[in-house]
Amino acid sequence: MLGTGNALVTRCYNTCFVLQSEGRSLLVDAGGGNGILRQMEDAGISFTDIHDMFLTHAHTDHVMGAVWVVRKITSMQSQGKYEGVMRVFGHERVLHILRTMCDMMLSKKFSSLIGKSVLFVEVTDGQQFEAAGMRLQCFDIHSTKEKQFGFTATLSDGTRVACLGDEPFNEQCRQYVENADWLLSEAFCLYDDRERFKPYEKHHSTALDTGRLAQQLHARHLVMYHTEDKTLATRKQIYAKEAAREFEGPIFVPDDLEVIFF
């Protein structure tokens, strides 16, 4: 987990992570700024090992860091320090926005490599594709705010990891995520703190909601992130305790840079 916080956190980084299987790495989102460079460094992950990235949607806390990823990798490519191509997967809207930002913000030296050594690969609802040695199937989460895709990744050993995105679950997506070995879901705050953080007004879920969802989807493990940052000292314990009121399986509430072994 490179970051575990929501859009406006200051005490941790925005939610993004690297999914690794058989020595290959998939970067999922990149947070909201050049903090992605620090998080990658502190995680001990070299950008030379990142050849695939999946972008869920174009909210600033997910896509702005992707500009820095493109900037970093094209810089390394121009210096002969990066072998092969970099692929960025996403739906048409998020790729259009990222391309526009790169064209406007990066020097021609770097932006000119997009389409050559940095490839933007458009994916569509329900499409299956290979990335970082894993089989992925993406799906539209039917967001009411911004077009957003989740995905299910099947690792080399058959483990299924389902990423729901960062909004409440839509029943239309059940076919993609039911019976997942690992369910990755947002949990903006505790249900007990709903009056303080107003998750429903922001179209987010609570830890209690997420636990209930994981139970209904028959998930085997639950990972919760995209939280507020005012309870970091106790977040791991209190979020897991609340979700456990509904979910019977193992619950993980990771800190930034924490490694989860599937």
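Above this note sits the structure.
For the structure given in this document, a descriptive report is provided here. (Residues numbered from 1 in each chain as written. Predicted model: local features only at pLDDT ≥ 70, side-chain atom pairs only at ≥ 80, totals over all residues. Heavy atoms only, no water.)

On to the sheet that holds strand β4 (residues 86–90). As summarised here, the arrangement of the five strands in space is β1-β2-β3-β4-β5, forming an open sheet in which the pairing is mixed. Because the sheet does not close on itself, it has two edges, and the strands there are β1 (17–21) and β5 (118–122). The mean angle between the axes of side-by-side strands here comes to 25°, regardless of whether they run parallel or antiparallel. Bridge count between strand β3 (residues 50–54) and β4: three bridges; the pairing is parallel. Residue D52 lies in a different strand from β4, and its bridge partner there is R87. (Pairing = 2+ DSSP bridges. Helix = DSSP H or I, 4+ residues; strand = E, 2+ residues; numbered from the N terminus. Axes fitted to C-alpha atoms, helices over the stretch in contact; angles between N-to-C directions.)

Closest axis-to-axis distance for the helix α7 (residues 207–216)/helix α8 (residues 232–243) pair is 7 Å, and the angle between their directions is 50°. Considered as vectors, α7 and α8 are oriented oblique to each other. The element α7 and its partner α8 pack so that their crossing is right-handed. Facing A207, L208 and G211 of α7, the residues of α8 in contact are Y239, E242 and A243. When the residues that make up the contact of α7 with α8 are grouped by side-chain class, the tally is four nonpolar, one polar and one charged. (Parallel < 35°, antiparallel > 145°, perpendicular 65-115°, else oblique. Left-handed = near helix turned anticlockwise from the far one by under 90°. Contact = heavy atoms within 4.5 Å. Nonpolar A, V, L, I, M, F, W, Y, C, P; charged D, E, K, R; others polar.)

Let us look at the sheet that holds strand β6 (residues 128–131). Pairing between sheet strands relies on hydrogen bonds along the backbone, with the strands arranged either parallel or antiparallel. Taken in spatial order, the seven strands make up an open sheet running β6-β7-β8-β9-β10-β11-β12, and their pairing is mixed. Each having just a single partner strand, β6 and β12 (251–252) make up the two edges of the open sheet. Seen against the sheet, α7 touches β10 (182–186) and β11 (221–225) and runs at an angle of roughly 155° to β11. Strand contacts of α8: β11 and β12, with the helix running at about 130° to β11, the strand carrying the most contacts.

Bringing the packing of aromatic side chains into the picture now. According to the stated counting rule, one finds seven aromatic pairs in the structure shown. Relative to F151, the ring of F54 lies with its centre 5.0 Å away and its plane at 65°, an arrangement referred to as edge-to-face. With F54 in strand β3 and F151 in strand β8 (residues 149–154), this pair connects stretches of sequence that are 97 residues apart. Across the pair, F151 and F54 agree in class, each one buried. Aromatic side chains W182 and F262 sit 4.6 Å apart centroid to centroid with 40° between the ring planes, which places their arrangement in the tilted category. (Phe/Tyr/Trp six-rings, centres within 6.5 Å; stacked < 30°, edge-to-face > 60°. Buried < 20%, exposed > 50% of the residue type's maximum accessible area, 1.4 Å probe, protein only.)

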